[in-house]
Amino acid sequence: MSIILNSNLQNIKVLIADDERMIQGLVYDVLKQLGFTQITIANSGRQAIELVSKFPFDFIISDWRMKDLDGIDLIRFVRTSPESPNPHIPIILLTGNTESYYVLTARDAGVNEYLIKPFTAEQLVRRIRSLIERPRGFVESPGYRGPDRRHRDAPWPKDSDRRKPKDKK
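Because the structure is a prediction, the values reported are computed rather than measured.

Participant: Quick rundown of the sheet that holds strand β3 (residues 59-63)? Include the residues and the values.
Facilitator: Taken in spatial order, the five strands line up as β2-β1-β3-β4-β5 in an open sheet, and their pairing is parallel. Single-partner strands in this sheet number two, and they are β2 (38-42) and β5 (113-116). Taking the axes of each pair of neighbouring strands and ignoring which way they run, one obtains an average angle of 15° across the sheet. Where strand β1 (residues 13-17) meets β2, five bridges bridge the pair, whose relative direction is parallel. Looking at β2, one finds that valine 14 is bridged to isoleucine 39. Helix α1 (residues 21-34) rests against β1, β2, β3 and β4 (91-95) of the sheet, and its axis sits at about 170° to β2. In this fold helix α2 (residues 45-54) packs onto β1, β2 and β3, with an angle of close to 140° to the strand it touches most, β2.

This is the structure we're talking about:
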């Protein structure tokens, strides 16, 4: 992998929440290659919630489907529970769910990035870079608590002038 982020990654604390050893290993190896050194693995959603409640993590990478509590339960705990020490923790969700219903469910729960399985190391790196290099603002409203749902630097869709700023063409 040729993508280097920077040498300060050893200070970033990452939680991997997944009940599949193969995925845990893949994500762990990618993080190590990038320079992360403070990596904790939770083998279930319940264990992830216990860890998030006790330790200050800088971001979470979670699977959607786990045996006890799923990744959406974890996201909802982090974003809305009074016991959550940091509702602003960036979260990447790993899933095999490709249908728009699932993407919207994750978005509405407050996920920062959504990554479809099977994924490559390069795709995971892009999501991590997005969290670190282009963080989105955080929104707190009566119906939603999570990252701004819009990626501000995303290109404008072709043939879409409805919401395009007047200075862009």
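Participant: If you had to explain the side chain of aspartate 148 to someone new, which residues and values would you point to?
Facilitator: Among the structural elements, aspartate 148 can be located in the segment after β7 (144-147). The contacts of aspartate 148, once residues within four sequence positions are left out, are Arg136, Gly137 and Val139.

Participant: Just give me the short version of the environment of asparagine 43, but keep the residues and values in it.
Facilitator: As for its position among the elements, asparagine 43 is in the loop between β2 and α2. On the basis of relative accessibility, which here comes to 33%, the residue asparagine 43 falls in the partly exposed class. Each C-alpha atom, one on asparagine 43 and one on glutamine 24, is 8.7 Å from the other, the two residues being 19 residues apart in sequence. Apart from the residues within four sequence positions on either side, asparagine 43 is in contact with Asp18, Asp19, Arg21 and Gln24. Within the structure, asparagine 43 has its side chain in polar contact with the side chain of arginine 21 (distance 3.3 Å). Within the structure, the side chain of asparagine 43 is placed 2.7 Å from the side chain of glutamine 24, a separation counted as a polar contact.

Participant: How would you explain the packing of helix α3 (residues 71-80) against helix α4 (residues 100-109) if you had to name every residue and give the values?
Facilitator: At a closest axis distance of 9 Å, the pairing of α3 and α4 adopts a crossing angle of 20°. Classified by the angle between their axes, α3 and α4 sit roughly parallel to one another. Here Ile72, Ile75, Arg76 and Arg79 of α3 come into contact with α4, specifically with Thr105, Ala106 and Ala109. When grouped by side-chain class, the residues that make up the contact of α3 with α4 number four nonpolar, one polar and two charged.

Participant: Let's hear about the pattern of salt bridges: which residues, and what values?
Facilitator: Evaluation of the coordinates by the stated rule reveals eight salt bridges. Across the pair lysine 117 and glutamate 20 runs a salt bridge, and its minimum N-O distance is 3.9 Å. With a gap of 97 residues between them, lysine 117 in the loop between β5 and α5 (121-133) and glutamate 20 in the loop between β1 and α1 connect regions that are remote in the sequence. Since its relative accessible area comes to 19%, lysine 117 is described here as buried. One salt bridge connects lysine 117 with aspartate 63, and the closest N-O pair in it is separated by 2.9 Å. With lysine 117 in the loop between β5 and α5 and aspartate 63 in strand β3, this pair connects stretches of sequence that are 54 residues apart. Like lysine 117, the residue aspartate 63 is buried in the burial classification. If you follow the salt bridges from partner to partner, you end up with Asp18, Glu20, Asp63 and Lys117 in one network.

Rules used throughout
- Residues numbered from 1 in each chain as written.
- Predicted model: local features only at pLDDT ≥ 70, side-chain atom pairs only at ≥ 80, totals over all residues.
- Heavy atoms only, no water.
- Pairing = 2+ DSSP bridges.
- Helix = DSSP H or I, 4+ residues; strand = E, 2+ residues; numbered from the N terminus.
- Axes fitted to C-alpha atoms, helices over the stretch in contact; angles between N-to-C directions.
- Contact = heavy atoms within 4.5 Å.
- Buried < 20%, exposed > 50% of the residue type's maximum accessible area, 1.4 Å probe, protein only.
- Polar contact = N/O pair within 3.5 Å; in protein donor to acceptor, adjacent residues only side chain to side chain.
- Parallel < 35°, antiparallel > 145°, perpendicular 65-115°, else oblique.
- Nonpolar A, V, L, I, M, F, W, Y, C, P; charged D, E, K, R; others polar.
- Salt bridge = Lys/Arg side-chain N within 4 Å of Asp/Glu carboxyl O.

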